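Understanding the architecture of this molecule
One-letter residues, chain by chain:
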Amino acid sequence: MIQRVGFIGLGNIGAPMARNLCGGTFEVIVFDLQEEAMAPLLEAGAKAAASAREVGERSEMVGVCVVDDAATFAVVAGEDGILAGAAAGTIIALHGTIHPDTARRLGEQAAASGVAVVDAQMTGGPRGAEARQLRYMVGGDAQVLERCRPVLETSAAEITHCGALGMGAVAKLCNNLAQYVAWQGFVEADRLARHAGLDPEILLQVLSWLMNDNARLMLAGRNALEAAPDNEFLGSRMGAAMRLAEKDLSLALDVARWVEVSLPGAGLCAQEAARLFGVPDPGRR
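So, how was this worked out
Residues numbered from 1 in each chain as written. Predicted model: local features only at pLDDT ≥ 70, side-chain atom pairs only at ≥ 80, totals over all residues. Heavy atoms only, no water. Helix = DSSP H or I, 4+ residues; strand = E, 2+ residues; numbered from the N terminus. Rg over C-alpha atoms; globule rule 2.2 N^0.38 Å. Buried < 20%, exposed > 50% of the residue type's maximum accessible area, 1.4 Å probe, protein only. Contact = heavy atoms within 4.5 Å. Areas by Shrake-Rupley, 256 points an atom, 1.4 Å probe, with all protein chains shown as cover. Polar contact = N/O pair within 3.5 Å; in protein donor to acceptor, adjacent residues only side chain to side chain. Pairing = 2+ DSSP bridges. Axes fitted to C-alpha atoms, helices over the stretch in contact; angles between N-to-C directions. Salt bridge = Lys/Arg side-chain N within 4 Å of Asp/Glu carboxyl O. Parallel < 35°, antiparallel > 145°, perpendicular 65-115°, else oblique. Left-handed = near helix turned anticlockwise from the far one by under 90°. Nonpolar A, V, L, I, M, F, W, Y, C, P; charged D, E, K, R; others polar.

The next point concerns the overall build of the protein chain. In terms of helices and strands, the protein chain carries 13 helices and eight strands. A compact globule built from 285 residues should have a C-alpha radius of gyration of about 19 Å, and the protein chain, at 20 Å, falls within 12% of that. Across its three principal directions, the C-alpha atoms of the protein chain cover 65 × 45 × 35 Å. Looking at the protein chain as a whole, 48% of its 285 residues are labelled buried. Sequence separation of 24 or more characterises 63% of the internal contacts of the protein chain that already satisfy a separation of 6 or more. A total accessible area of about 13700 Å² is found for the protein chain, and carbon and sulfur atoms account for 53% of it.

In structure tokens form, the structure reads like this:
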């Protein structure tokens, strides 16, 4: 049974995921490029590492929750990355939204050292992580997943094995694609309602059986920013959400080209990202 768990990437989702590991049966080792991000985890009982390599040296399983493919490669396979220190039998769980080929390539590199990789993608956001209600979509060997399961369960409401390595990433991109296209529909419905004279609050009641909390928050945030484009706080939050959406949609479109299918809704959504999130961006869109 896994007892020593490392975690790298202590952002909005990674921090609560790592905190959920603390105070139980696991020895938790954490690392983040921002030293201040580690402080709350150390208070919760985790131990600090000075590098990704050190996390690999001290852990039987390492969760990686960083922003993109380049950061994931650096953390896992960089000169001072996890693979530089990990022993045979270690498991690396990739949690960030990445291209499925990134998971496969890292899996091949890791296998040369006897290290296993799973792409344990998740949905639910910071609130889901804090409430231990994330839904994991996992690609990789089923037996490796079973070894990981007690660790993932500390943050999970549901864990779905999606198939071979890379399929977790495919499932996550499909999930995010469906979400953003649905959000585009809610924004357009809201615009139509307002211009046709329907009270927006009544529209929300009508759509309540279709919309989840994330969609409601997005719609409220983008409408507030559209009404007050100089609001720096809202601009920062919605701008960050827009950039994540653009990254995810770009990955989905790249995979679509790779497998030779057309995704016109995703393409339109990517082009309309600024309008979707209410971000003032006249120079680019």
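Moving on, we come to the side chain of N20. Secondary-structure assignment places N20 in helix α1 (residues 14-21). Polar contacts involving the side chain of N20 include one to the side chain of S155, which spans 2.9 Å. Among all residues touching N20, those that are not within four sequence positions of it are A129, R132, T154 and S155.

Another aspect to go through is the sheet that holds strand β6 (residues 116-123). Strands sit in the order β3-β2-β1-β4-β5-β6-β7-β8 across an open sheet of eight strands; the sheet is mixed. Two strands bound the open sheet, and with one partner strand each, they are β3 (47-48) and β8 (156-163). Where β6 and strand β7 (residues 134-139) come together, five bridges link them in antiparallel fashion. Counterpart to Q121 in the pairing with β7 is M137. Packing of helix α2 (residues 35-43) onto the sheet brings it into contact with β2 (27-31) and β3, and relative to β2 it is tilted by some 170 degrees. Most of the contacts of helix α5 (residues 100-111) go to β6, to which it runs at about 150 degrees, and overall it touches β5 (91-94) and β6.

Here the structure, examined in full by the defined rule, presents 12 salt bridges. Of the charged contacts in the structure, one is a salt bridge between R58 and E54, with a shortest N-O distance of 2.7 Å. On the criterion of helical spacing, the pair formed by R58 and E54 is a turn pair, its members being four residues apart in helix α3 (residues 52-58). In this structure R58 comes out as partly exposed when scored by relative accessible area, which is 24%.

The subject of this paragraph is the packing of helix α11 (residues 232-259) against helix α12 (residues 264-271). Across the interface, α11 lies against α12 with an axial gap of 10 Å and an inter-helix angle of 150 degrees. Relative to α12, the element α11 is oriented roughly antiparallel. Seen along the crossing, α11 lies across α12 with a hand that is left-handed. Taken together, the residues of α12 that come into contact with α11 (itself represented by E246, L249 and L253) are A266, G267, C269 and A270. In terms of residue class, the contact of α11 with α12 is built from five nonpolar, one polar and one charged.

So, about the environment of V5. Relative to the helices and strands, V5 is located in strand β1 (residues 4-8). Residues V5 and I29, spaced 24 residues apart in sequence, show a C-alpha to C-alpha distance of 6.3 Å. If near-sequence neighbours (up to four positions away) are discounted, V5 is found in contact with L21, F26, E27, V28, I29, S59, M61 and V151.

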